[in-house]
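Below are the chains, spelled out letter by letter.
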Amino acid sequence: MVVAKKYVLVNRSEGFPQSSDFKLVEETLPELKENEYLAEAVFLSVDPYMRAYMPSLEPNTTMIGSQVAKIVESKNPDFPVGKYVVGGFGLRSHTIATAETKSELGFKTFLLPHFNNLPLSLALGVLGMPGNTAYFGLLEVCQPKPEDTVVVSAAAGAVGSIVGQIAKIKGCTVIGIAGSNEKGKWLTEELGFDYFINYKTQNVEEELRKAAPKGVDCYFDNVGGDISVTVINQMKPFGRVAICGDISSYNATEPAKIISPIRSILFNELKVQGFRVSSWNERWLEGIHKNLRWIIDGKLKYRETITEGFDNIFKAFTEMLQGGNIGKAIVKV
C-alpha cells in the first residue's frame, strides 16, 4: 500500500495566503485497477494562476497544481513503468491516474517528450504550460511584426521571460517591467531585452516614454492594475494587447481603484484580448517543440528558482506570489 502526502485547501484565503489555509495530510491509495498507473512526483510547479483559482475551489480538496511524475507502477501499457508524465495532479506526492486524467485547466496528462538531455523540470516551465502561454499568447494574440515595440510585464517570470525572448527572435524591440534590478540585469544582459523598467523604484510612465517615444505596438499583460493602464495609455493606434494574468489583484481584499483605459482603447482602436492557453490544446506539442528548437539553437534561455522538499511547497508558493523567483518557480520533491 502506498501512502500519499497532499496539501488540502482548508480556506480559500482572504488576502495573501496563510499557512493555516492549507493542511498537509496523508492518504492511503488503493490497489491499481486496469488501465491505471501510479505516478510519484519528482517536480512540482507553483504558478500565479493557482492563486487566481483558489476562490472557486471547494474547501477540503487537494490544492491544484501541475507536476512531473515518474511512473512507478502500471496496469496501462501506454504508460509504462520508468517513464515520466506531466499531469495536473495537484500538490500531492503520489497519484493514481489514467490516460483520461485531466488537469484543473483541462489539459490531458501526457508522457514527457524527449528533451535532448535537458532537465525534466523544464516540462513545467519553458517546455510546458508557461512556455506555451508565451508562445501562443504572443504570436497568436499580439501577432508582433519585425521592428514592433513590445512591452512585457512580470518580465522576469516564467512566462514573461520567454515572451520577451520570442519577441526578440521575431525582430522586435522589447521593454521588460519587473520589480528588482537583479531581474533587470538578467533581462538585459543575458536575455537580450532592450530596456528594463523597475516598477518599484522608477516612474513607469516616464521611463516608458523614454524607452518607447513613438509608442507601444504590443503589450503582453501579466499583472493588470496601474501598470497595465499606464502601458495601454501609451500604445500606438491599432496596438495589440494580450491579457494573460492579473497578478496585482489576486491577493486584494478590496476592489482595485484605477483610472479606466477605455478611452485609449477606443480612440487608438486597440485590440485587447484575454486568453487561456488551453485554447491551443490541439497544438500543444507545436509550442513545446518550437521552444525546444530555439533552446537547442541558443536563441532561448531559461532560469529556474528551485525549492527543495515537498514540505516547503507553501514557502515556494508564497515567495513566487511575492516575486521572489527569477524564471520558473519549481519544487524538487
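Now for a quick tour of the structure. The residue count restarts for each chain, going from 1 along the sequence in the order it is written. Per-residue local features of the predicted model are confined to residues with pLDDT of at least 70, and side-chain atom pairs are confined, for both listing and counting, to 80 or more; whole-chain, interface and lining totals are unaffected and use all residues. To obtain the side-chain values, all non-hydrogen atoms of the structure were used and water was disregarded.

A few points about the overall build of the protein
The criterion, for reference: Note on conventions: DSSP H or I runs of at least 4 residues are helices, E runs of at least 2 residues are strands, and numbering of each starts at the N terminus. Our radius of gyration is a C-alpha quantity, and the globule rule it is checked against amounts to 2.2 Å times the number of residues to the power 0.38. Any residue under 20% of the maximum accessible area for its type is buried, any over 50% is exposed, and the rest in between are partly exposed; the area is computed with a 1.4 Å probe on protein chains only. Surface exposure here means Shrake-Rupley accessible area, sampled with a 1.4 Å probe, where a residue is shielded only by the protein chains that are shown. For the charge count, each Lys or Arg is scored as positive and each Asp or Glu as negative, with His and the chain ends excluded. Charge positions are represented by NZ for Lys, CZ for Arg, CG for Asp and CD for Glu.
What the protein contains, in helices and strands, is nine helices and 16 strands. Relative to the globule expectation of 20 Å for 333 residues, the C-alpha radius of gyration of the protein, 20 Å, shows essentially globular dimensions. Across its three principal directions, the C-alpha atoms of the protein cover 65 × 45 × 35 Å. Within the protein, the fraction of its 333 residues that count as buried is 52%. When the accessible surface of the protein is split by element, carbon and sulfur atoms take 49% of a total near 15,400 Å². Distance between charge centres in the protein, computed from 36 positive and 37 negative side chains, equals 3 Å.

Description of the pairing of strand E15 (residues 304–308)
Under the convention used in this document: Two strands form a pair only when DSSP identifies at least two bridges running between them. By convention, a crossover is right-handed whenever its connection, traced from the first strand over the helix to the second and viewed with the strands pointing away, goes clockwise.
Relative to strand E16 (residues 328–332), E15 runs parallel, the two being bridged by five bridges. Paired with Glu304 across the strands is Lys328, a residue of E16. Following the backbone out of E15, through helix H9 (residues 313–321) and into the adjacent parallel E16, one traces a crossover that is right-handed.

A short note on the sheet that holds strand E10 (residues 173–178)
To keep things clear, this is the line we draw: Only the stretch in contact is used when a helix axis is fitted, and all axes are lines through C-alpha atoms; the angle between N-to-C directions ranges over 0 to 180 degrees.
With parallel pairing, six strands are arranged side by side in an open sheet as E11-E10-E9-E12-E13-E14. Whereas interior strands pair on both sides, the edge strands pair on one side only; in this sheet they are strand E11 (195–198) and strand E14 (271–274). Each adjacent strand pair in this sheet contributes to an overall mean axis angle of 15°, direction not counted. Bridge count between E10 and E11: four bridges; the pairing is parallel. What sits directly across from Ile177, in E11, is Ile197.

With respect to a nonpolar patch on the surface
Quick note on the threshold: Patch criteria: residues need more than 30% relative accessible area and no salt bridge. Like-charged residues are merged within 9 Å; nonpolar side chains of Val, Leu, Ile, Met, Phe, Trp and Tyr are merged within 5 Å. Salt bridge, as used here: a side-chain nitrogen of Lys or Arg that lies within 4 Å of a carboxyl oxygen of Asp or Glu.
On the surface, a cluster of nonpolar side chains totalling about 350 Å² of accessible area is made up of Ile262, Leu266 and Phe267. Note on placement: Ile262 falls in helix H7 (residues 262–267).

Overview of the nonpolar core
The line we're drawing: Only buried residues count toward a nonpolar core. Its members are Ala, Val, Leu, Ile, Met, Phe, Trp, Tyr and Cys residues joined through side-chain atoms within 4.5 Å. In this description, contact between two residues means that some pair of their heavy atoms is separated by no more than 4.5 Å.
Among the nonpolar cores identified, the biggest contains 72 residues, and Phe22, Met63, Leu127, Leu138, Leu187, Phe220 and Phe317 are the most heavily contacted of them. Considering each element in turn, this core owes the most residues, seven residues, to helix H2 (residues 129–142). The contacts of Met63, once residues within four sequence positions are left out, are Tyr7, Val8, Leu9, Phe22, Met50, Met54, Leu57, Gly90, Leu91 and Phe317. Counting residues in hydrophobic clusters, the runner-up holds 17 residues, among them Val204, Val216, Val223 and Leu270.

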